[in-house]
Amino acid sequence: MRKYFLLSAVALLATTSANAATDYANMDISVNITYATKINCTQDLSFGQVVIDANATGEQYVDMIEDGFISDKSSGVVSVENSHAGSCDFNLPQNLNGKTIELDGGVDGDLLPSVTLHAFDNYLSGRLNIPENYVSGGDYSATITIIKPNE
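Here's a quick rundown of the structure. (Residues numbered from 1 in each chain as written. Predicted model: local features only at pLDDT ≥ 70, side-chain atom pairs only at ≥ 80, totals over all residues. Heavy atoms only, no water.)

**Considering the overall build of the protein**
In step 1: The helix and strand tally for the protein stands at one helix and ten strands.
In step 2: Counting all 151 residues of the protein, 25% fall into the buried class.
In step 3: Summarising the internal contacts of the protein: among those between residues at least 6 apart in sequence, 58% fall at separations of at least 24.
In step 4: With the model as given, the accessible surface of the protein reaches about 11,500 Å², and the carbon-plus-sulfur share is 51%. (Helix = DSSP H or I, 4+ residues; strand = E, 2+ residues; numbered from the N terminus. Buried < 20%, exposed > 50% of the residue type's maximum accessible area, 1.4 Å probe, protein only. Contact = heavy atoms within 4.5 Å. Areas by Shrake-Rupley, 256 points an atom, 1.4 Å probe, with all protein chains shown as cover.)

Spelled out as structure tokens, the structure:
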């Protein structure tokens, strides 16, 4: 009986260690580190005070061009005051164009306004998008990081 037990144990050990397979893979890890000096832009982008008709329906918008001029607005926007384009002392990267930034603020549960950016030379402007079911007024803002392109 002992003979069969030892044979079984040896057979079990032989099959599990001989047939065991381990899969593996290699993965490279890399990084390119550069150093940046914090610079300031000369003026922030601001849509100022936007007044919307209380009976307006649908999404509302305000379009601003490079020099801060309001080029277009939806019919529900009554007025736009104290708006200005953002500007920096360097040409802004073109990858900002079309990027949409959601603004923070308001009341929890509200749909938030957003800005679709437009960079031209050293100016930053864009379209302010105000959702159809926008509920409360108030101040909304966001901060973006702009990487100065190598010239």
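**With respect to the layout of surface pockets**
In step 1: By volume, the largest pocket is sized at about 1,400 Å³.
In step 2: Lining the largest pocket are 46 residues, and of these Asp-44, Leu-45, Ala-142, Thr-143 and Ile-144 sit closest to its centre.
In step 3: Those elements giving two or more residues to the lining of the largest pocket turn out to be strand E1 (49-52), strand E5 (86-87), strand E8 (114-120), strand E9 (123-130) and strand E10 (140-141).
In step 4: Class assignment of the residues belonging to the lining of the largest pocket gives a composition of 26 nonpolar, 16 polar and four charged. (1 Å grid on protein atoms, 1.4 Å probe; cavity = no way out; pocket = protein on both sides within 12 Å on 5 of 7 lines; lining within 4 Å. Points joined across faces, edges and corners; volume = space filled by probe spheres on them. Nonpolar A, V, L, I, M, F, W, Y, C, P; charged D, E, K, R; others polar.)

**Overview of the environment of Asp-139**
In step 1: Following the sequence through the fold, Asp-139 ends up in the loop between E9 and E10.
In step 2: Look at Asp-139 and you get exposed, because its relative accessible area is 74%.
In step 3: On a C-alpha basis, the gap between Asp-139 and Gln-49 in space is 9.2 Å, while along the polypeptide they are 90 residues apart.
In step 4: For Asp-139, the residues in contact, after removing those within four places along its chain, are Asp-104, Gly-105 and Gly-106.

**Here's the deal with the state of the cysteines**
In step 1: Under the defined criterion, the tally for this structure stands at one disulfide.
In step 2: With its sulfur 1.8 Å from that of its partner, Cys-41 forms a disulfide with Cys-88. The disulfide joining Cys-41 to Cys-88 has a torsion of about 80 degrees about its S-S bond and is therefore right-handed. Taken as a pair, Cys-41 in the loop between helix H1 (2-19) and E1 and Cys-88 in the loop between E5 and strand E6 (100-102) lie far apart in primary sequence, 47 residues in all.
In step 3: For Cys-41, a relative accessible area of 33% translates into the label partly exposed. (Disulfide = S-S within 2.5 Å.)

**Overview of the side chain of Ser-74**
In step 1: Counting through the fold element by element, Ser-74 comes out in the loop between strand E3 (70-73) and strand E4 (77-81).
In step 2: What makes Ser-74 buried here is its relative accessible area of 7%.
In step 3: Side-chain polar atoms of Ser-74 contact the side chain of Gln-60, separated by 2.6 Å.
In step 4: Ignoring sequence-local partners within four residues, the contact set of Ser-74 consists of Glu-59, Gln-60 and Tyr-61. (Polar contact = N/O pair within 3.5 Å; in protein donor to acceptor, adjacent residues only side chain to side chain.)

**Section: unusual backbone geometry**
In step 1: Even without glycine at this site, Asn-82 takes up a positive phi of about 60 degrees.
In step 2: You can see Asn-82 is positioned in the loop between E4 and E5.

**Description of the side chain of Ser-125**
In step 1: Locating Ser-125 in the fold gives a position in strand E9.
In step 2: A polar atom in the side chain of Ser-125 sits 3.3 Å from the backbone oxygen of Met-64.
In step 3: Sequence-distant contacts of Ser-125, defined by excluding residues within four places in its chain, comprise Leu-45, Met-64, Ile-65, Glu-66, Ala-85, Thr-116, Leu-117 and His-118.

**A short note on the pairing of strand E2 (residues 60-64)**
In step 1: Taken across its five residues, E2 has five buried, putting it largely inside the fold.
In step 2: Residues Gln-60, Val-62 and Met-64 of E2 are buried on one face, and the alternating residues Tyr-61 and Asp-63, pointing to the opposite face, are buried as well.
In step 3: Across five bridges, E2 lies against E9 in antiparallel orientation. Bridge assignment links Asp-63 to a residue of E9, and that residue is Arg-127.
In step 4: Two elements, E2 and E3, share three bridges in a ladder whose sense is antiparallel. Looking across to E3, one finds that Met-64 is bridged to Ile-70.
In step 5: Between E2 and the antiparallel strand that follows it, E3, lie five residues; Gly-68 among them carries a positive phi value of about 90 degrees. (Pairing = 2+ DSSP bridges.)

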